[in-house]
Structure formats: structure tokens, C-alpha cells
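Reading the structure
What follows is each chain in one-letter form.
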Amino acid sequence: MPSIAPLMRASLGATRPTNGFANFRLPCKKLVVEYCEVWGSNDGMRRFIAGEGAGIAKFARENPGVEFIVKKRPFKHPVLRGLYLNNRDKVICVRNLEPSEIAQKVKLLLDSSGDKLKLEKGHPVKSTTESVRGVWSPFHTPWKGAENMGKIR
């Protein structure tokens, strides 16, 4: 009789952590901060990276499951780019923003799921009062076809 122990050991090692009762993973897996050292529109981003107010180091300590990358992007406006577990990304331009406003944008990227924005369709408008004009129907108007038959030619 063959042993199934090697088969079980191989299948147990291949499990990946998922969200559930015992653990939770943020949908945001990586946050890329891109800035320029020269342009004036990057001043708030440079101060945010240096640690003024709620700097990037504070967010990195609070979110150990998210990889923070700081990149130089010469002669461009500053950008925050969030990469998510569903292989999507969200990009926010933060030019001319103060460090506190940039911190709000970072929090927004960390808290979002990475899904596309969806329009909630299919919910008709419900009202407690009827329309003043009532419900329109093509059967409520008289047919004017006989009067206009001679004018078409």
C-alpha cells in the first residue's frame, strides 16, 4: 500500500494566505511615490517624504503589509500610484498639494479596493408623490396621421 504522506506534505506547502477569519491582507500591495527634485509643484511632496506632518515613514510603519517605493521622476508632476492585488492600479496627481493633503490621498489609496468605479444602475427612482404630469403613454395622445397624409406629398 503506497504512503500518502509525501502527497499531503506537497499540497500543504502550496497554500497562499487569503482574507478570512484569522488573517486580513490589504488590497493595496504596493504604493509608489514619484517626485521631482527641481519643479516647484513637487514642494509639498518633498516635504511629505522628508517627514513633515504625517510623513511617508509613518504610513510605512502603520502598514507593514504594503511595500512603499520612492522614485525620482525628473521634470514631471508628483504622482501617487497604488498597485492592488487584483492587478489594477490607481494613479493620483498631487501637484501643488500640502503634505497634509498628500497624506489624505495616501490614506485614500490604502483604503480603496482597486476595483473600477461602478455606476449603480437598475434602481428606478422611487417617490412618495406622483408626477404632476402623470405617466406618459403613446396611447394617451390622439393619432394625427389622417390629417397629415395630404401634406407629406
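Reference entry: report on the structure contained in this document.

Cut-offs applied
- Counting of residues starts from 1 at the beginning of each chain's written sequence and follows it residue by residue.
- Owing to the predicted nature of the model, reporting of local features is limited to residues with pLDDT of at least 70; listing and counting of side-chain atom pairs is limited to 80 or more, with chain, interface and lining totals taken over all residues.
- For the side-chain quantities, the full set of heavy atoms in the structure was used; hydrogens and water were omitted.
- Counting from the N terminus, the helices are DSSP H or I runs at least four residues long and the strands are E runs at least two residues long.
- Working rule for contacts: check all heavy atoms of both residues, and any pair within 4.5 Å makes them a contact.
- Under this definition, polar contacts are N or O atom pairs within 3.5 Å; protein pairs additionally need one hydrogen-donor-capable and one acceptor-capable atom, and for neighbouring residues in sequence, both atoms have to be side-chain atoms.
- Stacked, edge-to-face and tilted are the three classes for Phe, Tyr and Trp ring pairs, Trp counted by its six-membered ring, which pair at centre distances within 6.5 Å; planes under 30 degrees apart are stacked, over 60 edge-to-face, the rest tilted.
- Only protein chains enter the calculation, and the probe is 1.4 Å; a residue is then buried if its accessible area is under 20% of its type maximum, exposed if over 50%, and partly exposed in between.
- Patch membership is restricted to residues that have no salt bridge and whose relative accessible area is over 30%. Joining uses 9 Å for like charges and 5 Å for the nonpolar side chains Val, Leu, Ile, Met, Phe, Trp and Tyr.
- Reported accessibility uses the Shrake-Rupley method at a 1.4 Å probe radius. Residues are deemed covered only where the shown protein chains occlude them.
- When a carboxyl oxygen of Asp or Glu is within 4 Å of a side-chain nitrogen of Lys or Arg, the pair counts as a salt bridge.
- The axes used here are C-alpha line fits, helices contributing only the stretch in contact, and every angle between their N-to-C directions lies in the interval 0 to 180 degrees.
- For classification purposes, an angle smaller than 35 degrees is called roughly parallel, one larger than 145 roughly antiparallel, one from 65 to 115 roughly perpendicular, and anything else oblique.
- For this classification, the nonpolar set comprises Ala, Val, Leu, Ile, Met, Phe, Trp, Tyr, Cys and Pro, the charged set comprises Asp, Glu, Lys and Arg, and every other residue, Gly included, is treated as polar.
- Joining through side-chain atoms within 4.5 Å is the link that ties buried Ala, Val, Leu, Ile, Met, Phe, Trp, Tyr and Cys residues into a set, and such a set is a nonpolar core.

This next bit is on the environment of Asn42. Inspection of the secondary structure assignment puts Asn42 in the loop between β1 (28–35) and α2 (43–50). Non-local contacts of Asn42, meaning those with residues more than four positions away in its chain, are made with Tyr35, Cys36, Lys76, His77 and Pro78. At 3.4 Å, the side chain of Asn42 and the side chain of Ser41 are in polar contact.

Tallying each qualifying case throughout the model produces 1 aromatic pair. On the basis of an interplanar angle of 45 degrees and a centroid distance of 6.3 Å, the ring pair of Phe48 and Phe59 is categorised as tilted. You can see Phe48 sitting in helix α2 and its partner Phe59 sitting in helix α3 (residues 56–62), a full 11 residues away along the chain. As far as the burial class goes, Phe48 and Phe59 line up, both buried.

As a further point, take a nonpolar patch on the surface. Taken together, the side chains of Val38, Trp39 and Phe75 define a hydrophobic patch exposed on the protein surface, amounting to about 320 Å² of accessible area. Within the element layout of this structure, Phe75 appears in the loop between β2 (67–72) and β3 (79–84).

Attention now moves to the packing of α2 against helix α4 (residues 99–111). With their axes 8 Å apart at the nearest point, α2 and α4 run at an angle of 75 degrees to one another. Comparing the axis directions of α2 and α4 gives the class roughly perpendicular. Residues Gly44, Met45, Arg47 and Phe48 of α2 lie in contact with α4, whose contacting residues are Pro99, Ile102, Ala103 and Val106. Each residue belonging to the contact of α2 with α4 can be placed in one class, and the counts come to 6 nonpolar, 1 polar and 1 charged.

Right, let's get into unusual backbone geometry. Phi is positive for Asn87, which is not a glycine, with a value near 60 degrees. Along the polypeptide, Asn87 turns up in the loop between β3 and β4 (89–93). A positive phi angle, close to 60 degrees, is found at Asn96, a residue other than glycine. Within the fold, Asn96 resides in the loop between β4 and α4. Asn96 sits in the exposed class, given a relative accessible area of 57%.

Attention now moves to the nonpolar core. If you look at the biggest cluster of nonpolar residues, it comprises 20 residues, and the most contacted ones within it are Met45, Phe48, Leu80, Ile102 and Val106. Elements supplying a minimum of two residues to this core: β1, α2, α3, β3 and α4. Looking at this core element by element, the count peaks at 5 residues for α4. Ignoring anything within four residues of it in the chain, the contact list for Ile102 reads Gly44, Met45, Phe48, Leu80, Val94 and Leu97.

Looking now at the side chain of Glu34. By the element assignment, Glu34 lies in strand β1. A relative accessible area of 8% means that Glu34 is categorised as buried. Here Arg73 takes part through its side chain, which lies 3.3 Å from a polar atom of the side chain of Glu34. Leave out the neighbours within four places in its chain, and Glu34 touches Lys71, Arg73, Pro78, Val79 and Arg81.

On inspection of all chains with the given rule, the structure shows 10 salt bridges. We note a salt bridge from Lys71 to Glu34, for which the minimum N-O separation is 4.0 Å. One end of the pair, Lys71, is in strand β2; the other, Glu34, is in strand β1, and 37 residues separate them in sequence. Relative accessible area serves as the criterion here: at 42%, Lys71 is assigned to the partly exposed category. Residue Asp43 pairs with Arg47 through a salt bridge whose shortest N-O separation is 3.6 Å. Taken together, the residues span about one helical turn, with Asp43 and Arg47 both in helix α2 at a distance of 4 residues.

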